[in-house]
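Descriptive analysis of the structure
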There are 2 protein chains.
Amino acid sequence: MKKLDAANLKLGIVAGGQLGKMLIQEASKWDIATYVLDADENCPAGSIATQYFKGSHHDFNSVYNFGKQVDVLTYEIESINIDALFKLKEEGLTIVPDPITLQLIQDKGLQKEFYRDHGIPTAPFQLFNNREEIIETVSSGKLSFPFVQKLRKGGYDGRGVLIVNSTSDTDKLFDEPSVIEQKIEIVTEIAVIAARNQQGEVKSFPTVEMVLDSRANLVDKLICPAGIGQQLCNMAESIAINLIDKLGMAGLLAVEFFVDTNGNLIVNEVAPRPHNSGHHTIESVITSQFEQHLRAVLNLPLGSTKLKLPAVMVNLIGEPSHSGPVRYEGLTECMAIEGVKVHLYGKKQTRPFRKMGHATIIATTMEEALAKAEFVQRTLKVKSWKESM
Amino acid sequence: MKKLDAANLKLGIVAGGQLGKMLIQEASKWDIATYVLDADENCPAGSIATQYFKGSHHDFNSVYNFGKQVDVLTYEIESINIDALFKLKEEGLTIVPDPITLQLIQDKGLQKEFYRDHGIPTAPFQLFNNREEIIETVSSGKLSFPFVQKLRKGGYDGRGVLIVNSTSDTDKLFDEPSVIEQKIEIVTEIAVIAARNQQGEVKSFPTVEMVLDSRANLVDKLICPAGIGQQLCNMAESIAINLIDKLGMAGLLAVEFFVDTNGNLIVNEVAPRPHNSGHHTIESVITSQFEQHLRAVLNLPLGSTKLKLPAVMVNLIGEPSHSGPVRYEGLTECMAIEGVKVHLYGKKQTRPFRKMGHATIIATTMEEALAKAEFVQRTLKVKSWKESM
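Below is a short write-up of the structure. Since we're looking at a predicted model, the values are computed, not measured.

1. Some points on the overall build of chain A
Counting its regular elements, chain A contains eleven helices and 21 strands. Against the compact-globule benchmark of 21 Å for 389 residues, chain A has a radius of gyration of 21 Å, which places it among compact chains. By principal-axis analysis of the C-alpha atoms, chain A measures approximately 65 × 50 × 45 Å. The buried share among the 389 residues of chain A stands at 61%. Put simply, 62% of the contacts in chain A that link residues at least 6 apart link residues at least 24 apart. In the form shown here, chain A has an accessible surface area of approximately 14700 Å², with 48% of it arising from carbon and sulfur atoms.

2. Some details on the interface of chain B and chain A
Contacts between the two partners involve 44 residues from chain B, matched on the other side by 44 residues from chain A. Interface of chain B and chain A: buried area, both sides summed, is about 3900 Å²; carbon and sulfur atoms make up 52% of it. When the buried area of chain B at its contact with chain A is split by residue, Lys29, Thr332 and Met335 of chain B rank highest and sum to 15% of it. Seen at the junction of chain B and chain A, the total is 22 residue pairs in polar contact (both at pLDDT 80 or more). Sorting the residues of the side of chain B that touches chain A by element identifies α1 (18-27), α9 (289-297), α10 (331-335) and β18 (340-344) of chain B as the ones contributing at least two each. Considered class by class, the residues forming the side of chain B that touches chain A number 20 nonpolar, ten polar and 14 charged.

3. Details of unusual backbone geometry
For the peptide bond that leads from Val96 of chain B to Pro97 of chain B, omega is -5 degrees, which places it in the cis range. Mapped onto the secondary structure, Pro97 of chain B falls in the loop between β5 (94-95) and α4 (99-106). A positive phi is found at Asn299 of chain A, a non-glycine position, where the angle reads about 60 degrees. With respect to the secondary-structure elements, Asn299 of chain A resides in the loop between α9 (289-297) and β16 (311-317). Taking relative accessible area as the criterion, Asn299 of chain A reaches 9% and is therefore assigned buried.

4. Brief notes about the environment of Val326 of chain A
Residues and elements named next belong to chain A. With respect to the helices and strands, Val326 occurs in strand β17 (residues 324-329). Note on Val326: relative accessible area 3%, which makes it buried. Taking C-alpha positions, Val326 is 5.8 Å from Lys348, a pair spaced 22 residues apart along the chain.

5. Examining a negative patch on the surface
Residues and elements named next belong to chain A. A cluster of acidic residues, Glu132, Glu136, Asp175 and Glu176, forms a negative patch on the protein surface. Tracing the backbone shows Glu136 in helix α6 (residues 131-139). Take Glu136: its relative accessible area is 47%, and that puts it in the partly exposed class.

6. Considering the pattern of salt bridges
A side chain of one charge can pair with a side chain of the opposite charge if their charged atoms are brought near each other. Following the criterion strictly, the structure yields 44 salt bridges over all chains and no others. For Arg152 of chain A, the salt bridge is made with Asp107 of chain A, and the minimal N-O distance between the two is 2.7 Å. Taken together, the residues Arg152 of chain A in the loop between β7 (147-151) and β8 (161-164) and Asp107 of chain A in the loop between α4 (99-106) and α5 (108-117) connect sequence positions 45 residues apart. The pair Arg152 of chain A / Asp107 of chain A is uniform in exposure class, with both members buried. Note that Glu26 of chain B and Lys29 of chain B form a salt bridge whose closest N and O atoms lie 3.6 Å from each other. In this structure Glu26 of chain B comes out as buried when scored by relative accessible area, which is 10%. Relative accessible area serves as the criterion here: at 18%, Lys29 of chain B is assigned to the buried category. A single network of salt bridges, built from pairs that share partners, joins Lys68, Lys87 and Glu91 of chain A.

7. Structural notes on the relation of the copies chain B and chain A
The operation linking the two copies of the chain is a rotation about an axis combined with a translation along the axis. The transform that puts chain B on chain A rotates by 180 degrees and translates by 0.0 Å along the axis, for an RMSD of 0.0 Å. A rotation of that kind, with that shift, is consistent with a two-fold axis. Closest approach to the rotation axis within chain B is made by the C-alpha atom of Ile48 of chain B, at a distance of 2.3 Å.

8. What to know about helix α11 (residues 366-379) of chain B
Residue and element names in this part refer to chain B. Its 14 residues place the ends of α11 20 Å apart at the C-alpha level, agreeing with the 20 Å of an ideal helix rising 1.5 Å per residue. For α11, the full list of buried residues reads Met366, Ala369, Lys372, Ala373, Val376 and Thr379. Down the axis of α11, the buried side of the element spans an arc of 155 degrees, and every buried residue falls inside it. Those residues of α11 that are exposed and aimed more than 90 degrees away from the buried face are Glu367 and Arg378.

9. What about the nonpolar core?
Of all hydrophobic cores here, the largest spans 94 residues; its most connected members are Val342, Ile361 and Val376 of chain A together with Val342 and Val376 of chain B. In this structure, Val376 of chain B is in contact with Val314, Cys334, Val340, Ala359 and Ile361 of chain B, ignoring residues within four places of it in sequence.

10. Comments concerning the sheet that holds strand β6 (residues 125-128) of chain B
Residues and elements named next belong to chain B. Here four strands make up an open sheet; going across it, the order is β6-β9-β7-β8 and the pairing antiparallel. Each edge of the open sheet carries a strand with a single partner, namely β6 and β8 (161-164). When strand polarity is set aside, the average angle formed by the axes of neighbouring strands in this sheet is 20 degrees. In the sheet, strand β7 (residues 147-151) pairs with strand β9 (residues 178-182) via five bridges, with the strands oriented antiparallel. The partner of Leu151 across the bridge, within β9, is Ser178. Contacting β6, β7 and β9, helix α5 (residues 108-117) runs over the sheet at an angle of about 145 degrees to β6. The strands touched by helix α6 (residues 131-139) within the sheet are β6, β7 and β9, with β6 carrying the most contacts at an inclination of about 135 degrees.

The rules behind each value
Residues numbered from 1 in each chain as written. Chains lettered and ligands numbered in written order. Predicted model: local features only at pLDDT ≥ 70, side-chain atom pairs only at ≥ 80, totals over all residues. Heavy atoms only, no water. Helix = DSSP H or I, 4+ residues; strand = E, 2+ residues; numbered from the N terminus. Rg over C-alpha atoms; globule rule 2.2 N^0.38 Å. Buried < 20%, exposed > 50% of the residue type's maximum accessible area, 1.4 Å probe, protein only. Contact = heavy atoms within 4.5 Å. Areas by Shrake-Rupley, 256 points an atom, 1.4 Å probe, with all protein chains shown as cover. Buried area = accessible area lost by both parts, 1.4 Å probe. Polar contact = N/O pair within 3.5 Å; in protein donor to acceptor, adjacent residues only side chain to side chain. Nonpolar A, V, L, I, M, F, W, Y, C, P; charged D, E, K, R; others polar. Patch = residues over 30% accessible without salt bridge, like charges linked within 9 Å, V, L, I, M, F, W, Y side chains within 5 Å. Salt bridge = Lys/Arg side-chain N within 4 Å of Asp/Glu carboxyl O. Lys, Arg positive; Asp, Glu negative; His and termini not counted. Charge placed at Lys NZ, Arg CZ, Asp CG, Glu CD. Least-squares fit on C-alpha atoms with pLDDT ≥ 70 in both. Expected span 1.5 Å × (residues − 1). Arc of directions from axis to C-beta. Core = buried A, V, L, I, M, F, W, Y, C linked by side-chain atoms within 4.5 Å. Pairing = 2+ DSSP bridges. Axes fitted to C-alpha atoms, helices over the stretch in contact; angles between N-to-C directions.

Fair warning: the whole summary comes from geometry, so function is off the table for now.
And the structure:
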């Protein structure tokens, strides 16, 4: 195993959102110099990165030139210019996860084929190039309502996903290459983050259960341990470990599952990076997902994923009727409660449903953590100094 | 209570060593902009501060001009130009802890008088202006060996302290204003960090037990909970809380105690800031000492100081025979062990006995944590690329 020479390592991170910021908070504990590429000079990670570079992750030259400055490159977002990554790799740069994995994950069609070919449970699907093909297939009786359309590329946080219940919804179909999946009757959603280093050492974090906010299709509350029984948790963790192994990737893989009405697990989405569903690990697990990501990226032994205390995580998202300079209401009241750990990402402007921060609540029992989380959700509001909408 | 407007607060920190760095790691979670003043542009905190300012904390103009840039000022070192702080305070700047408290603590003579006048247990003492006065007092029979001489000002980490066992040691006496204390027969040393905000809310962290490294007079290992019995811990925590209350200060106060052969507690030294003996709180306590310091400085409700898991902390200090660019030996082996959390401060050069980092070991039992800590101490060595001495 390559030795960590922390005092002289330059770690490049493509994109400087909250994931990049929390990664840097961990990296600074090992004195790793962090370089961040982001189009926005006020991005969350910019304030604590060793060096900030202005540039878009979509742009070949920005990504390529940035990569030439660093010793190891990683990323906190999927929609990166993949050609720049391949050229950097060809020229000898260590990129973790490998661009091959990212390329597969950037395309939901390739992703689904990979699952099918490797025995990973996923919803039945068909691939289409445009809207017309879908409508024809419905007409010919080879596709029936309800189904879900997902853009093969560029979807994020619920964008690029359409639920199609009947003919009247077909007007809204995306006219781009997409995956059509059978609609699953969902009981709940869970997520598992697995990690793998270049030696093939693999570990998974404990399963978390996600509660969605129906208004914004964003995760509203996350609990760990999940309330779905140990057997289902074990199964989800094995599937995540199996998947990261089959991908042969180094890094983190966040795997989101549906639990259907028959108690089956179905892989819904994956992300090759730290993930919203792992934020609670900062306080509740021996190794946080960010530290684990660093370990995987730097090819160090993976850290323990043992839970210290039950945890609930709530996202702090922009109130629907507020846009503009951010103001946090109820912060002091929430900070007064034992076990409430607030993280503000440092986005200067709030927008409806924008992820502005999160709070993790740790407690001796899940009941206590849930009660406190509900207080935080009632009390802590992300508003603006001016109500604008 | 003043509301925290995290998005727009500039926190100034005088000096940018490891304490400043770890304070910034916490401050970044609340998106607080951090300004650091330090003479060394490669100081540990410089790499993650929002803004670094070059200048010495001893220099009036540097401290004064720095203070004019920020909304709230705190510090991570005691030997600051106090006149600059008083002038800033006079001009309306919030400084936490208040310069009045710092002035008292900068002078071990005033400190000792304060303890005596307020019923805080401390070793019997006399004050002297120079060596001659001490020798005369010994001759006249009013002072007997063994005793300890401590410089009233400028001592740090064991420097400025002399143990005087017999007449042959009197040649080494400092010829400056000093405190002479009766030498205490010590069983062990413990420390308690107390916190207080401007509302007068007070909390203490659990007592820690310190094991000294006889080679360097530095803390070698720290255990929490302390192994001295609950009654003595409670007593130490009450004394620390009583002392911070009597001082009427806002901020953190680290109180180091001797436990003598009769089981008495004796206050040895205090520091009005985060302290080496509180590093374990980052992983083992619900609120870390750095978060607590921020809460006290920003006049927020204090956080819970409940211990999550037993912890042992070991300092990573420069090996005696190494000076020059730092190299960490055994890092990977230690990182492989569950519950070993390594912090490297980012000092580029090592020197014999220099504090270069620390490792906290958390485990379900103290026995397990101690065994792992001993492995870390045997394995993790701070060396240089070139052996120079």
